[in-house]
Amino acid sequence: MDHVTVAGAGPAGLMLASNLVRFGVKTTILDDRPDKTSMGRADGLQPKTIETFKQLGLAGSLLQKGVRVYDICFWNSSASAPLHRTGREIHYPPAVVDVEDPFILLVHQGMVEEVFLDDLRARGVEVLRSSPFVRYSTSDAGVQVEYQDLKESTTKTLSTGFLVGCDGAHSKVRKSMPGAEMVGEPSRAAWGVLDGVIETDFPDLWSKVVISSETEGTILCIPRERNMTRLYIELHPSTAAAETTENSPQDQDFVMERARAILSPFKLTWKTVDWFGVYKVGQRVSKHFSDADRVFIAGDAAHTHSPKAAQGMNVSMHDTFNLAWKLNLTVRGLALPSLLSTYTDERRKIAQDLISFDYEHANAFAAGDPQALAANFAQNIRFISGVGATYAPNVLNVPEPTSRGGLRAGALLSPAMVTRYIDANPVHLQLDIPLLGQFRIMFFTPDVKRAHAFLATVCAEATSTRTVLGRVSAAAEASYAALQVPAAEMDEFVQPQRYTAVSRCFTLAVVTTMAKEEVEVADLPPALRDSRWTFYVDDVMGASGETCTEKWLGKLAADEVAIVNVRPDGYVGSIGRWSVSGASAGLEAAGWLDGYYGGFLRA
C-alpha cells in the first residue's frame, strides 16, 4: 500500500508529489490526461513561489526561460477621451513588498509541470496517465481509491494511507467528500483569453497592462515566453455568445474583434495563436478541505477565482507545499493528529483571503474603473506577491508576547543576507538551508562564547531522550533508515547530510554578530559543531541599514539569545528570548522548545 495517492498532475498535485517523494513517502499520481499541459492555462509565478522553487533547487530553467515583469501600466479611454496611459507603477515597490525577486515570472503551466516531472523522474516516479479518479471510500486502515485505466479500458482499485484531490475546479474527489460543497459568488461575466505572437503599435506591450475602455470593455495584457503575449479580454454578456463551443473558430474571431475594439486606435493583429479559451469569473471556496484527515483537496478543487491577478497556480502550489511536510511526519508516525488538522485551518483562511481580494479585483476590472483597480492592487500587493499570506495563531504558530523586529509567528521569513562561516559565502539566510522536511531551530546571539553554556544546555536537552525533540529525532532516524529517501543526482550538489547531522527532524543554526576572526567552530557546543554548515556571521548590512538580527528580531542585548523556530515550509513558528546570565536559562529554553514541539509531534 502506498502512503499517499495524488489525484491530478497539475502544478498543485506535482508540487505535493515532488515534495513527498523527496521525503521518501511512497506516492502514486493519477491523472486523466495522456500528457502534461502543452500550452496555455496558468502563466505567472509570484515572488514567494519563485523563492520556493529556489529552495527546491528547481528555479533555474524557469528563470532562464521565463519573462520577468517589473512594472504595471494603466490605460483608459472614454466616449470623450481616446485611449491614453493614466499611470505606470513598479509592480512590487521595495518600500511595500520585501522580496528578493521583485517581479512576476511569466511561464506557462506546462513548463512548471515539466520541472516537477523531471524531478520525479530523476527519483524513479512517473505519473499514471489516462487514469482518471472515480471514487473513494475510507476505513480505519486507510483509503480505497477507484480509478479508470483508459489504456486498458478497465476500472482498478488501490489502497493508500491518504488521498489528495488536486483534480481541478470540477474535482471528483471533492464531489465524493461529504459536505464539501462550493459556496460563494457564481460565475458571471465571460472573458476570453488568447496566447500568441501579436503585431501592434501599442507602446507598453512588454509591461503588464490594464486597458479599460468605458464603451468597449477591459483587457489585461501580459508578456509571455517565446515572444508571445497573453490577453484577457472582457466579453459583454449581451454579445458573448456563451453557449458557443469554447474552441470554435468563430469564438476566437469574436474575441479578437473585441480586443481590437478595446485597444483602438492602436492596431492589433496575430501572427500566431497558441491557445484560446473562454471562461466565466466566479469566486467560490469549499466548505471543507478534508474528510476525517484521510482525504484532502487542494488548489482549484478547493477554491476558484478569476485568473487576472496571477494567483491560482501560486496559491494552489502553496496549498500542497503546506500539506506535504505534514503528511511526511504523519506517515512516519512522528505527528499528533493536531498537525494534519492545521492544513484545513491554514489554507482555507488563505483561500478566503484570496476570494475576498479577487471579488473586489474582478469587480474593478468589470467596472472599467482604473482608479479603483489601482487602489485595490496597491492595497493587496503584499498578498499578491505571496509574502502577505499569513496564518492565524494555532499549535504551529505561537505569537511572541511582546514583538521586537519584523518576524511574526505565522508569517514568512523576510529576505536577509549573512555570511556562512565555513566558506565565507554571502547567503540569503531564509533560503540557505535546503527543504528536507525539517524544522529549523535558529539561535541568534551577539556573543557565542558568552552564550556557550546556554547553547550547550539547550542543544544537549534537544538531542536527549528526556525531551520530545530528542525522542522524535531518534524515531525519525529509525524511520528514515527503514523508509529511505530516493537518491537523485542533484543531491550530490545539495549534500543533504550537512543539514541532517544532528537530526532528521530539525536543523540547528547559529547566527552571531561577532566578527569572524573572533570566533571558531571549536567554540561551539558539540551539536552546533556538527552543524557547522549552518553557522552564520551576521555582518552584511541590508538595504534598510540593518543586520539580519536587527531586521528580524530587533537589537539584542549583549547577554541575550533569541531562538526562532521555523517550520519546514519557511513560516515562523515561535520566537523566544533569554538572558544567558540566568543560571537556569538553558533549561528554561529547552522546556520552552519541548512545549512548542510537544504540541504537534510525538515519538
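Residues numbered from 1 in each chain as written. Predicted model: local features only at pLDDT ≥ 70, side-chain atom pairs only at ≥ 80, totals over all residues. Heavy atoms only, no water.

**Quick look at the overall build of the protein**
Within the protein one finds 17 helices and 27 strands. Relative to its length of 603 residues, the protein is compact, with a C-alpha radius of gyration of 25 Å against a globular reference of 25 Å. By principal-axis analysis of the C-alpha atoms, the protein measures approximately 75 × 60 × 40 Å. A sequence separation of at least 24 residues applies to 74% of the contacts in the protein between residues at least 6 apart. As presented, the protein carries roughly 22,800 Å² of accessible surface, and 51% of it is formed by carbon and sulfur atoms. The average position of the 58 basic charges and that of the 70 acidic charges among the side chains of the protein differ by 2 Å. (Helix = DSSP H or I, 4+ residues; strand = E, 2+ residues; numbered from the N terminus. Rg over C-alpha atoms; globule rule 2.2 N^0.38 Å. Contact = heavy atoms within 4.5 Å. Areas by Shrake-Rupley, 256 points an atom, 1.4 Å probe, with all protein chains shown as cover. Lys, Arg positive; Asp, Glu negative; His and termini not counted. Charge placed at Lys NZ, Arg CZ, Asp CG, Glu CD.)

**Describing the domain arrangement of the protein**
In terms of domains, the protein is made up of domain 1 (3-66 + 107-186 + 283-385) and domain 2 (411-599). Each of domain 1 and domain 2 has a C-alpha centre, and these two points are 31 Å apart. Listed as interface residues are 28 residues of domain 1 and, on the opposing side, 27 residues of domain 2. Taking both partners together, domain 1 and domain 2 bury about 2,300 Å²; carbon and sulfur atoms supply 61% of that area. Sorting the residues of domain 1 by area buried against domain 2 places Gln55, Trp325 and Arg332 first, and these three jointly supply 28% of that buried surface. Linking domain 1 with domain 2 are 2 salt bridges, by the criterion used here. Close ionic contact of Arg123 with Asp491 constitutes a salt bridge, the shortest N to O distance being 3.8 Å. If you look at where domain 1 meets domain 2, you find 7 residue pairs in polar contact (both at pLDDT 80 or more). A per-element tally of the side of domain 1 that touches domain 2 places helix α7 (residues 312-331) first, with 7 residues. In terms of residue class, the side of domain 1 that touches domain 2 is made up of 10 nonpolar, 8 polar and 10 charged. (Domains from an automatic or database assignment. Buried area = accessible area lost by both parts, 1.4 Å probe. Salt bridge = Lys/Arg side-chain N within 4 Å of Asp/Glu carboxyl O. Polar contact = N/O pair within 3.5 Å; in protein donor to acceptor, adjacent residues only side chain to side chain. Nonpolar A, V, L, I, M, F, W, Y, C, P; charged D, E, K, R; others polar.)

**A few points about the pattern of salt bridges**
Counted under the stated rule, the structure contains 37 salt bridges. With a closest N to O distance of 2.6 Å, Asp98 and Lys551 form a salt bridge. On the criterion of sequence distance, the pair formed by Asp98 in the loop between β6 (84-90) and β7 (104-106) and Lys551 in helix α16 (residues 548-553) is long-range, its members being 453 residues apart. One salt bridge connects Asp274 with Arg226, and the closest N-O pair in it is separated by 3.0 Å. Placement of Asp274 in strand β16 (residues 268-280) and of Arg226 in the loop between β14 (217-223) and β15 (229-235) is noted, with a sequence separation of 48 residues between them. Residue classification places Asp274 among the partly exposed positions, given a relative accessible area of 25%. (Buried < 20%, exposed > 50% of the residue type's maximum accessible area, 1.4 Å probe, protein only.)

**Focus: the side chain of Thr534**
Inspection of the secondary structure puts Thr534 in the loop between α15 (526-529) and β25 (535-537). Exposure remark for Thr534: the relative accessible area of 1% places this residue in the buried category.

**Details of the nonpolar core**
By size, the foremost hydrophobic cluster in this structure holds 113 residues, and its most contacted members are Phe53, Leu327, Phe443 and Phe454. If you tally residues by element for this core, the top one is α7, at 9 residues. Three or more residues apiece are contributed to this core by two domains, here domain 1 (3-66 + 107-186 + 283-385) and domain 2 (411-599). Those residues in contact with Leu327, other than ones at most four positions away along the chain, are Val4, Leu16, Leu20, Phe162, Val164, Phe296 and Leu340. In this structure, Ala189, Tyr279, Val315 and Ile350 belong to the second largest nonpolar core, which totals 32 residues. (Core = buried A, V, L, I, M, F, W, Y, C linked by side-chain atoms within 4.5 Å.)

**Considerations on the UniProt feature "domain: Phenol hydroxylase-like C-terminal dimerisation" (unreviewed entry) in the protein**
UniProt marks residues 390-579 with the feature "domain: Phenol hydroxylase-like C-terminal dimerisation" (unreviewed entry), using the numbering shown here. Along residues 390-579, the helical share is 23% and the strand share 21%, with 30 Å between the first and last C-alpha atoms. (UniProt positions renumbered as here; feature names shortened; annotations may be inferred.)

**Thoughts on the sheet that holds strand β11 (residues 182-185)**
Strand order across the open sheet formed by 3 strands is β11-β17-β20, with antiparallel pairing between neighbours. A strand with exactly one partner marks an edge of an open sheet, and here the two such strands are β11 and β20 (303-304). Of the pairings in the sheet, the one linking strand β17 (residues 283-286) to β20 comprises 2 bridges and is antiparallel in character. Note on β20: the bridge partner recorded for Val285 is His303. (Pairing = 2+ DSSP bridges.)

**As for the sheet that holds β7**
Judged by pairing direction, the sheet is antiparallel, and its 3 strands sit side by side in the order β3-β7-β4 without closing on themselves. Whereas interior strands pair on both sides, the edge strands pair on one side only; in this sheet they are β3 (44-45) and β4 (67-69). Two strands pair when backbone bridges link them, and β3 and β7 are joined in this way by 2 bridges, in the antiparallel orientation. When the bridges of β7 are listed, Gly44 appears paired with Leu106.

**Focus: helix α4 (residues 109-122)**
Taking 1.5 Å of rise per residue, the 14 residues of α4 would be expected to cover 20 Å, and the 20 Å separating its terminal C-alpha atoms lies within 8% of that figure. The set of residues buried in α4 consists of Gln109, Gly110, Met111, Val112, Glu113, Val115, Phe116, Leu117, Asp119 and Leu120. Buried residues along α4 sit against α1 (11-23), β2 (27-30), β3, α2 (47-56), α3 (60-65) and α7. In the segment just after α4, Gly124 is the residue with positive phi, at about 80°. (Expected span 1.5 Å × (residues − 1).)

**Observations concerning the packing of aromatic side chains**
Overall, the coordinates contain 20 aromatic pairs when judged by the stated rule. Ring geometry for Trp75 and Phe202: centres 4.8 Å apart, planes at 55°, overall tilted. Of this pair, Trp75 sits in strand β5 (residues 71-77) while Phe202 sits in the loop between β12 (190-200) and β13 (208-213); the two residues are 127 residues apart in sequence, bridging distant segments of the chain. Residue classification places Trp75 among the buried positions, given a relative accessible area of 5%. With a centroid separation of 5.2 Å and an interplanar angle of 85°, the aromatic rings of Phe439 and Tyr597 are classed as edge-to-face. Pair noted here: Phe439 is in strand β23 (residues 439-445) and Tyr597 is in helix α17 (residues 585-597), with a separation of 158 residues, a long-range link. (Phe/Tyr/Trp six-rings, centres within 6.5 Å; stacked < 30°, edge-to-face > 60°.)

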